[in-house]
Every structure is written in structure tokens, then in C-alpha cells.
Amino acid sequence: MIVTTEQLFKHAYGNYAIGAYNINNLEQTVGLFRGNLGKSASNDEPVDPSTSAPFILQISRGARGYTDKRFLEAMIRTADEVFPEVVFAVHLDHGTEEACYDCIDSGFYSSVMIDASHEKLDENIAITRRVVDRAHEKGIVVEAELGQLGGVEEDIVGSVCLTEPDEAVEFVEKSVCDSLAVAIGTSHGAHKFSGSQGLHFDVLENIKKVLPENFPLVMHGSSSVPKEWVDRINTAGGKLKDASGVDEDQYLPAAKLGVCKINIDTDGRLVWCAIHRESFRDTPENFDLRPPGKLFMAAYADYIVHKNGKLGSAGQLAGVRKSL
Ligand code: G3H
Ligand code: 13P
Ligand code: ZN
């Protein structure tokens, strides 16, 4: 069942965070749906209520252009039929104004992100407000971003600029966005922190204090870049140096401070890379794409179960269903 992020945030606020996972292809989609139902290697396994979780499926502009955006929609509609127990939102990740309108008009997305965070405050507000007005007319909710993450984000090379609480108040008031992505020290990709850097909980706390009660916050760049997967990639011939991510034990403290949505893309790519590298190394005679594909879907599903455990969303599916 496709719902809005707003419906999911109402249930999660202050207690746990919803995992927002990016997809680009079929194997990621199947692994994601299975994982959120606590299934691993097959669609036919029973749903595990202790691990099943609501989730957000995110589609970036890069994913929409990878083949043809219509394939993604067809794949997701099919997954919704194959796995009728799921509850999820379909969300445009890092949209431009044009991409947001395209998704709003498609009637398929339940949520869009307008990312005008690279613009000056007034312009960011104006662009976001235009998108909000158009989205709300159709019952679609809008995530906006204020502040800049580090690292590479689509075609924008960002330099870290943490969100200012006072600006956040003005931004939310004037843009009327439904949730706000804040910059609190994370960055996209597999190289997030150096030395003793970490999340700025003080900034998060100050933002929460000044925004309206229960206003949902979003944390981008939240992959944990697990050492286990980086080591597996490197042992199988990869060359990922100095990779680092967010400490998974910081997800729940962030959720307690109003972070309802935690974005994970890089970790899924690491799982994909490790499984395929190992498969090519260990079965050099194989040239069928399905054996590594099956291994990946199972490994990704298991990884989603693990991640949802850390986010606190594991086991929340039944409660969310009741709340709808
Ligand atoms: O924030 C960026 C996401 O990880 C999406 O990445 O634009 O390469 O699909 P992508
Ligand atoms: P990661 O690169 O940490 O997975 O972040 C993904 C993200 O923020 C997508 O919007
Ligand atoms: Zn992001």
C-alpha cells in the first residue's frame, strides 16, 4: 500500500525513524520489499512481524534517467501486488523544480523532495513554496532542504554548511514544507567523516527546539558504510580507501530529536558491489547474471532487516497499518 511520508512520520515521530532507501533496478526493488517484510531469499517466505517495517522507497533523478522512469513505476506497482502486506511511500529524492512537477503530475509519487538548498535562503523559500502549492493541491507532501551537506549530491558538489536554527524557523513558516532535511554533519557517499567528526546533535537539538511541535526532520547522507562490506569489497579486488559512515547507534538518538526519515543509498551499493565482486572471483566459470542476482537480493534483504533494527522501524508495520 502506497501512503504519504506524512502518514508514516505521524506514527514514528520521536520514537523511531523510517528508512528511506534508493532503488535503481529490479534486484534492489525485490531485496528492499522482501527485507521490509522480514523475508530473505524468496518471495514465498512468511512475513516476519518482529522485523517487518514501513519504509520509504526513494527515486533519484539519476535513477529516473538510468533507463526510463516508466520502468521504475511499473516495477514498484508490481512489487506492491506481489507483496500486498507492505506499507511504503514513493518519494522523489533531490528533485529539481521541474522533476518535482513531473512526479506530482504523474499521479504515482506520494512525496517529493525539492532540493534548492544550493540557492540563497529567499530563493530556496520561493522555489519550495511553488512546489508545495502545486503538490498540496494533489495531496502530495513535500520535503525541502536547508543547509548543505558535504560530498557529491547529483551534479552539485556541496561544501558543508550546517543548518541554522533561526533560518529553519523562517524557512518552514514561509515555504509551508511538510518536512525538512537538515545538514548536521553528514555527507553523501562512502567517505563521510575524518578524524573525530560526527553528527552535530547540538545543532539538531536547537533546530527541534525552535520548530513547530512534532515537525518531521530528515537526515540525508546516513549510510553507515559498514567496515565488513568495505573489507569484503577490497578483499575481492576493490579499492575503497578511507571509507567511513554514520555510526548506526546514532540513528535512534537522532530519531528521539525529531528525525523521522533516514536516507540510505550508499550502503545498498556496497552490498551490491561486494556480492558481485565475490561472485565473479569465486565462480569464474559462471556467466549467468542470475546467480549473483539471487545472492544480492537475499543479502540486500538481510541488510535491510539489520538496518531497520538500528532505525527502530523493525516490528512497526502492524502498528502503522492500524494507525492509517
Ligand atoms: O543523494 C544522492 C543519492 O544517493 C542518489 O544518488 O543521484 O547517484 O542516484 P544518485
Ligand atoms: P548515503 O550516500 O549516505 O547513502 O545518503 C543517501 C542519501 O542521502 C540520498 O538522498
Ligand atoms: Zn540525499
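Note: the structure precedes this text.
All figures in this text were calculated on a predicted structure; none of them were measured in a lab.

Cut-offs applied
Residues numbered from 1 in each chain as written. Chains lettered and ligands numbered in written order. Predicted model: local features only at pLDDT ≥ 70, side-chain atom pairs only at ≥ 80, totals over all residues. Heavy atoms only, no water. Helix = DSSP H or I, 4+ residues; strand = E, 2+ residues; numbered from the N terminus. Rg over C-alpha atoms; globule rule 2.2 N^0.38 Å. Buried < 20%, exposed > 50% of the residue type's maximum accessible area, 1.4 Å probe, protein only. Areas by Shrake-Rupley, 256 points an atom, 1.4 Å probe, with all protein chains shown as cover. Lys, Arg positive; Asp, Glu negative; His and termini not counted. Charge placed at Lys NZ, Arg CZ, Asp CG, Glu CD. Contact = heavy atoms within 4.5 Å. Near = heavy atom within 4 Å. Polar contact = N/O pair within 3.5 Å; in protein donor to acceptor, adjacent residues only side chain to side chain. Nonpolar A, V, L, I, M, F, W, Y, C, P; charged D, E, K, R; others polar. Donors = N, O, S within 2.8 Å, 3.2 Å for Na, K, Ca; no water. Salt bridge = Lys/Arg side-chain N within 4 Å of Asp/Glu carboxyl O. Core = buried A, V, L, I, M, F, W, Y, C linked by side-chain atoms within 4.5 Å. Pairing = 2+ DSSP bridges. Right-handed = clockwise from strand over helix to strand, strands pointing away.

Asks: Let's hear about the overall build of the protein chain: which residues, and what values?
Replies: Within the protein chain one finds 13 helices and 10 strands. In terms of overall dimensions, the protein chain is globule-like: its C-alpha atoms have a radius of gyration of 19 Å, near the 20 Å expected for 324 residues. With the principal axes as the frame, the protein chain shows a C-alpha extent of 60 × 45 × 35 Å. The buried share of the protein chain, reckoned over its 324 residues, is 55%. Accessible surface for the protein chain amounts to roughly 14,000 Å². Of this, 52% is attributable to carbon and sulfur atoms. Side-chain charges of the protein chain comprise 32 positive and 48 negative groups, with the mean position of each set lying 3 Å from the other.

Asks: Report on the environment of isoleucine 264, specifying residues and quantitative values.
Replies: By secondary structure assignment, the location of isoleucine 264 is in strand E10 (residues 259-264). Residue class for isoleucine 264 comes out buried when judged on its relative accessible area of 2%. Spatially, the C-alpha atoms of isoleucine 264 and lysine 209 are 26 Å apart, while their sequence positions differ by 55 residues. When residues no more than four places from it in sequence are discounted, the contact partners of isoleucine 264 are Ala20, Tyr21, Asn22, Ser222, Ser223, Tyr251 and Lys307.

Asks: Provide a residue-level description of the site of ligand 2, including the pertinent values.
Replies: Close to ligand 2 lie 15 residues; Asp93, Lys192, Ser223, Asp265 and Thr266 are nearest. At a separation of 2.7 Å, an oxygen atom of ligand 2 approaches a polar backbone atom of aspartate 265. Contact distances for ligand 2 include 2.6 Å between an oxygen atom and a side-chain N or O atom of threonine 266. The set of elements that each furnish at least two residues to the shell around ligand 2 consists of strand E3 (88-95) and E10. Counted by class, the shell around ligand 2 contains 1 nonpolar, 11 polar and 3 charged residues.

Asks: Tell me about the coordination of the zinc ion (ligand 3), and please be specific about residues and values.
Replies: Six octahedral donors around a metal ideally make angles of 90 or 180 degrees; four tetrahedral donors ideally make 109.5 degrees. Distances from the zinc ion (ligand 3) to its protein donors, His94 (NE2), His188 (NE2) and His220 (ND1), fall at 2.0 to 2.1 Å. Mapped onto the sequence, the residues coordinating the zinc ion (ligand 3) show the spacing H-x93-H-x31-H. Here histidine 94, found in strand E3, pairs with histidine 220, found in the loop between strand E9 (217-219) and helix H9 (227-235); they are 126 residues apart in sequence, far enough to count as distant. Like histidine 94, the residue histidine 220 is buried in the burial classification.

Asks: Talk me through the pattern of salt bridges; I want residue IDs and the actual numbers.
Replies: Applying the stated criterion to the full structure yields 19 salt bridges. Between lysine 69 and aspartate 102 there is a salt bridge, with the nearest N and O atoms lying 2.8 Å from each other. Placement of lysine 69 in helix H4 (residues 69-82) and of aspartate 102 in helix H5 (residues 97-106) is noted, with a sequence separation of 33 residues between them. Taking relative accessible area as the criterion, aspartate 102 reaches 33% and is therefore assigned partly exposed. In this structure, arginine 269 and aspartate 265 form a salt bridge, with 2.8 Å as the shortest nitrogen-oxygen distance. Exposure remark for aspartate 265: the relative accessible area of 19% places this residue in the buried category. Beyond isolated ion pairs, a larger network of salt bridges with shared partners links Arg64, Lys69 and Asp102.

Asks: Let's hear about the environment of leucine 289: which residues, and what values?
Replies: Assignment of secondary structure puts leucine 289 in the loop between helix H11 (266-282) and helix H12 (290-311). Judged by relative accessible area, leucine 289 falls into the exposed class, the value being 65%. Taking the C-alpha atoms as reference, leucine 289 lies 9.6 Å from histidine 276; in sequence the two are 13 residues apart.

Asks: How would you summarise the side chain of threonine 163 if you had to cite specific residues and measurements?
Replies: The topology assignment puts threonine 163 in the loop between strand E7 (156-158) and helix H7 (165-175). The class of threonine 163 is buried, set by a relative accessible area of 3%. There is a polar contact of 2.7 Å between the side chain of threonine 163 and the backbone nitrogen of alanine 183. Residues in contact with threonine 163, not counting those within four places in the same chain, are Leu146, Gly147, Ala168, Val182, Ala183, Val203 and Ile207.

Asks: Could you give me a rundown of the nonpolar core, with the residues and numbers involved?
Replies: In this structure, Leu57, Leu180, Leu204 and Leu217 are the most contacted members of the largest nonpolar core, which totals 93 residues. Not counting residues within four places of it along the chain, the set of residues in contact with leucine 57 comprises Tyr21, Ile23, Leu32, Phe33, Ile76, Phe88, Ala89, Val90 and His91.

Asks: Account for the pairing of strand E1 (residues 18-22), with residues named and values stated.
Replies: Summarising burial for E1: 5 of the 5 residues are buried, a large majority. Along E1, one buried face is formed by Ile18, Ala20 and Asn22 and the opposite face, lined by Gly19 and Tyr21, is buried too. Where E1 meets E10, 4 bridges bridge the pair, whose relative direction is parallel. By the bridge assignment, glycine 19 is partnered in E10 with isoleucine 262.

Asks: Tell me about the pairing of E3, and please be specific about residues and values.
Replies: Extensive coverage of E3 is indicated by the burial of 8 of its 8 residues. Here 6 bridges tie strand E2 (residues 55-60) to E3, and the two strands are oriented parallel to one another. For glutamine 58, the partnering residue across the bridge sits in E3 and is histidine 91. Pairing analysis gives 3 bridges linking E3 to strand E4 (residues 111-114), with the strands arranged parallel. Following the sheet pairing, histidine 91 is matched in E4 by serine 111. In terms of handedness, the path from E3 via H5 over to E4 forms a crossover that is right-handed.

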